[in-house]
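Coordinates in review
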Amino acid sequence: MTHQQILDKLAAKHLVKSIDDDLARLTFSAMCYQKDMVSQLDYLLPKLLNRWNCALNAVEVSNNYKQITILALSVLLHKYGFKDETISKRAIAAVDLLNKEVVLSDDFFRKSEEIKQFILSSPTPLKRKPSVPENITFYRQGDVISIELENHYYAAYIHEISDTNESPLLEFYDHVFDKVPTLRELENLPAKGQLFDGVMRIAKFSVHGIKYNPDLANQIQLIAACVKNPPSVKHLKKAIVYTISDLFKIQNTIKSLFPIEKS
């Protein structure tokens, strides 16, 4: 049995592709900056779960979707040479739960024990960095989105999309929310600036990896489309450049822009 054979049985093509793209991007970075497999997993797993926990922990997401997601995460981690005991145990339980609810095919049911043994087996580390996935986005200029990170929500305005539909150029509203905000809640909020060379300036970010709408990880929510007025930047100095980022680097940027005291 192969990774792809198991993934095909999940009947979740776009979900699998989304997780695969995320892991390829993260594994490439991890192999650039970390020398051993333990350090690479320590680097990528928190970032991966910051994103996919938005689906796994969401009340509005069905339990069947959660089980397929955790199973796909386990198999794809294995494909990239990694294994996490907690995720593996949850994936084994997911196989039984999916069978109990008769969610997938008879073939999935018949191969369940093989799938479990595959998940528990030791993965083979990659010998070279994976290819970084092609950047493409289905979001559009004038979209207002919410990005969830560690149970907080950050709203952003999309100013433009690159000529080749690769990535949105976004700017954050200056507020932290405890749920997805409404457009009305954003109407009078200014833009969030960033300190650069001792001056608070306009901060815009070209973010690779913001692709599906709706987002299969449930991390990004479309609040409104065709919004004409971006957040005000009257209080900020002109930007020198915009920052090129991706779905995972932007996590650190958000934490830096919006420091939250932990109780």
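Residues numbered from 1 in each chain as written. Predicted model: local features only at pLDDT ≥ 70, side-chain atom pairs only at ≥ 80, totals over all residues. Heavy atoms only, no water.

A word on the packing of helix α3 (residues 37-56) against helix α9 (residues 249-257). Between α3 and α9, the shortest axis-to-axis distance is 10 Å and the interhelical angle comes to 80°. Overall, the two elements α3 and α9 adopt an arrangement that is roughly perpendicular. Seen from α3, the contacting residues are Lys47, Asn50 and Arg51; seen from α9, they are Gln251, Asn252 and Lys255. Among the residues making up the contact of α3 with α9, the classes are represented as no nonpolar, 3 polar and 3 charged. (Axes fitted to C-alpha atoms, helices over the stretch in contact; angles between N-to-C directions. Helix = DSSP H or I, 4+ residues; strand = E, 2+ residues; numbered from the N terminus. Parallel < 35°, antiparallel > 145°, perpendicular 65-115°, else oblique. Contact = heavy atoms within 4.5 Å. Nonpolar A, V, L, I, M, F, W, Y, C, P; charged D, E, K, R; others polar.)

Mapped onto the elements of the fold, Ser18 is located in helix α2 (residues 13-33). What Ser18 contacts, discounting residues up to four positions off in sequence, is Arg51, Trp52, Tyr212 and Leu216.

Moving on to the pairing of strand β1 (residues 144-149). The buried count for β1 comes to 6 of 6 residues, which makes it a mostly enclosed element. Of the two faces of β1, the one carrying Val144, Ser146 and Glu148 and the one carrying Ile145, Ile147 and Leu149 are both buried. Inspection of the sheet shows β1 paired to strand β2 (residues 152-161) by 6 bridges, in the antiparallel sense. Counterpart to Val144 in the pairing with β2 is Tyr157. Taken together, β1 and the strand that follows it, β2, pair antiparallel across an intervening segment of 2 residues, in which Glu150 is found at a positive phi of about 55°. (Buried < 20%, exposed > 50% of the residue type's maximum accessible area, 1.4 Å probe, protein only. Pairing = 2+ DSSP bridges.)

Moving on, we get to the pattern of salt bridges. The full count for this structure, using the stated rule, is 13 salt bridges. Close ionic contact of Lys111 with Asp107 constitutes a salt bridge, the shortest N to O distance being 3.4 Å. Using a relative accessible area of 23% as the deciding quantity, one classes Asp107 as partly exposed. With its nearest N and O atoms 3.1 Å apart, the salt bridge here joins Glu150 to Lys255. With Glu150 in the loop between β1 and β2 and Lys255 in helix α9, this residue pair connects regions lying 105 residues apart in the sequence. Each member of the salt-bridge network shares a partner with another, and the members are Lys9, Asp107, Arg110 and Lys111. (Salt bridge = Lys/Arg side-chain N within 4 Å of Asp/Glu carboxyl O.)

With that out of the way, let us pick up a nonpolar patch on the surface. Side chains of Phe196, Ile240 and Val241 sit close together on the surface and give an oily, nonpolar patch of about 310 Å² of accessible area. Among the structural elements, Val241 can be located in the loop between β7 (220-224) and β8 (243-246). (Patch = residues over 30% accessible without salt bridge, like charges linked within 9 Å, V, L, I, M, F, W, Y side chains within 5 Å. Areas by Shrake-Rupley, 256 points an atom, 1.4 Å probe, with all protein chains shown as cover.)

Once that is clear, we can look at the environment of Ile240. By secondary structure assignment, the location of Ile240 is in the loop between β7 and β8. Along the chain, Ile240 and Ile202 lie 38 residues apart, while their C-alpha atoms are 8.4 Å from each other. When near neighbours in sequence (up to four residues on either side) are disregarded, Ile240 contacts Phe196 and Arg201.

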